[in-house]
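This is what each chain is made of:
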Amino acid sequence: MDRMSVLMLIVLMLGGCAQTPDSSPLTISSARYAEAFDTARMVLRDNRFELNRVDAAEGVIVSSAHRSAGLATPWDVDQSSFSQEAEDLLHRQQRVVRVTFERADGGSSLSAEGELVVRVGVVVQRLYQPGLRIATGALSRSSHARDPELIRRRMQPVYTVSRTKDPKLAARLVEQIRRRLNGQDKQSETSS
């Protein structure tokens, strides 16, 4: 059995391990909304996520997709386990983070007195490149077939599919936000 087959077998075996449930939300006072919103924005930035949408009026922060090659990029900290590191190495994957602020009582005004719930969700997307023909003799001779139907459907040259959630990364981000809001993280003092 070659090395790639062994690595894929390990990934498949580890993929069946139990996942942690979605991260528990963080509850804050509405008086701390502006501080918490800025803190969440800084935590995403410090975790190397570029921000795509920052909407304080609606209480939403969404990152752009962040790609990582898992084991081949040890400086990226998106993955929470060896299984995720190996899967990101074998597949072109990226993560998108969404942070939402909502009224605990279901109201619509984020500035009204009361409690707010901060939720962090992370979606793992896989990138597909249909029509790619890899030359086994020399990668530089690889080519790409064009399919007008896939182009019309915006599935070429590349498209993404949301595969799963990443509750472990979401939980780590929630904890970082919580620690900074409680003044337990020295990073917040040096990045200001």
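Source: prediction; values computed, not measured.

A. The overall build of the protein, seen in detail. Secondary structure summary: the protein contains six helices and nine strands in total. Counting all 192 residues of the protein, 34% fall into the buried class. A separation threshold of at least 6 residues defines the contact pool for the protein, and within that pool the share at least 24 residues apart is 65%. With the model as given, the accessible surface of the protein reaches about 11600 Å², and the carbon-plus-sulfur share is 52%.

B. Structural detail: unusual backbone geometry. Even without glycine at this site, Arg48 takes up a positive phi of about 70°. Counting through the fold element by element, Arg48 comes out in the loop between helix 2 (33–46) and strand 2 (51–55). Assessed through its relative accessible area of 44%, Arg48 is described here as partly exposed.

C. Summary view of the environment of Val123. As for its placement among the helices and strands, Val123 is situated in strand 6 (residues 115–128). Measuring from C-alpha to C-alpha, the distance between Val123 and Pro167 comes to 8.8 Å, with 44 residues separating the pair along the chain. Those residues in contact with Val123, other than ones at most four positions away along the chain, are Gln94, Arg95, Val96, Ser162, Thr164 and Lys165.

D. Region of the structure containing the environment of Lys168. Within the secondary structure, Lys168 is located in helix 5 (residues 167–181). For the pair Lys168 and Val122, spaced 46 residues apart in sequence, the C-alpha separation works out to 8.9 Å.

E. Fine view of the packing of aromatic side chains. Applying the stated rule across the entire model yields three aromatic pairs. Here the aromatic rings of Phe37 and Phe101 are separated by 5.5 Å at their centres, their planes lie at 40°, and the arrangement is tilted. Pair noted here: Phe37 is in helix 2 and Phe101 is in strand 5 (residues 93–103), with a separation of 64 residues, a long-range link. The exposure class of Phe37 is buried, given its relative accessible area of 5%. By the ring-pair criterion, three or more aromatic residues cluster together here, those being Tyr33, Phe37 and Phe101.

F. Representation of the side chain of Ser68 in the model. Mapped onto the secondary structure, Ser68 falls in strand 4 (residues 66–68). In this structure the side chain of Ser68 is engaged in a polar contact, spanning 3.1 Å, whose partner is the side chain of Thr73. Within polar-contact distance, the side chain of Ser68 engages the side chain of Gln79 at 3.0 Å. Residues within four places of Ser68 in sequence aside, it is in contact with Thr73, Asp76, Asp78, Gln79, Asp88 and Gln93.

G. A look at the confidence of the model for the protein. Averaged over every residue, the pLDDT of the protein is 81; residues scoring 70 or more account for 82%. Considering only residues more than four positions removed or in separate chains, one finds that residues 11–21, a stretch of pLDDT under 50, has 11 contacts.

H. Region of interest: the pattern of salt bridges. This model, assessed by the stated rule, comprises 11 salt bridges. Residue Arg119 pairs with Glu102 through a salt bridge whose shortest N-O separation is 3.3 Å. One end of the pair, Arg119, is in strand 6; the other, Glu102, is in strand 5, and 17 residues separate them in sequence. By relative accessible area, Glu102 is classed as partly exposed at 34%.

Cut-offs used in this document
- Residues numbered from 1 in each chain as written.
- Predicted model: local features only at pLDDT ≥ 70, side-chain atom pairs only at ≥ 80, totals over all residues.
- Heavy atoms only, no water.
- Helix = DSSP H or I, 4+ residues; strand = E, 2+ residues; numbered from the N terminus.
- Buried < 20%, exposed > 50% of the residue type's maximum accessible area, 1.4 Å probe, protein only.
- Contact = heavy atoms within 4.5 Å.
- Areas by Shrake-Rupley, 256 points an atom, 1.4 Å probe, with all protein chains shown as cover.
- Phe/Tyr/Trp six-rings, centres within 6.5 Å; stacked < 30°, edge-to-face > 60°.
- Polar contact = N/O pair within 3.5 Å; in protein donor to acceptor, adjacent residues only side chain to side chain.
- pLDDT = per-residue confidence, 0-100.
- Salt bridge = Lys/Arg side-chain N within 4 Å of Asp/Glu carboxyl O.

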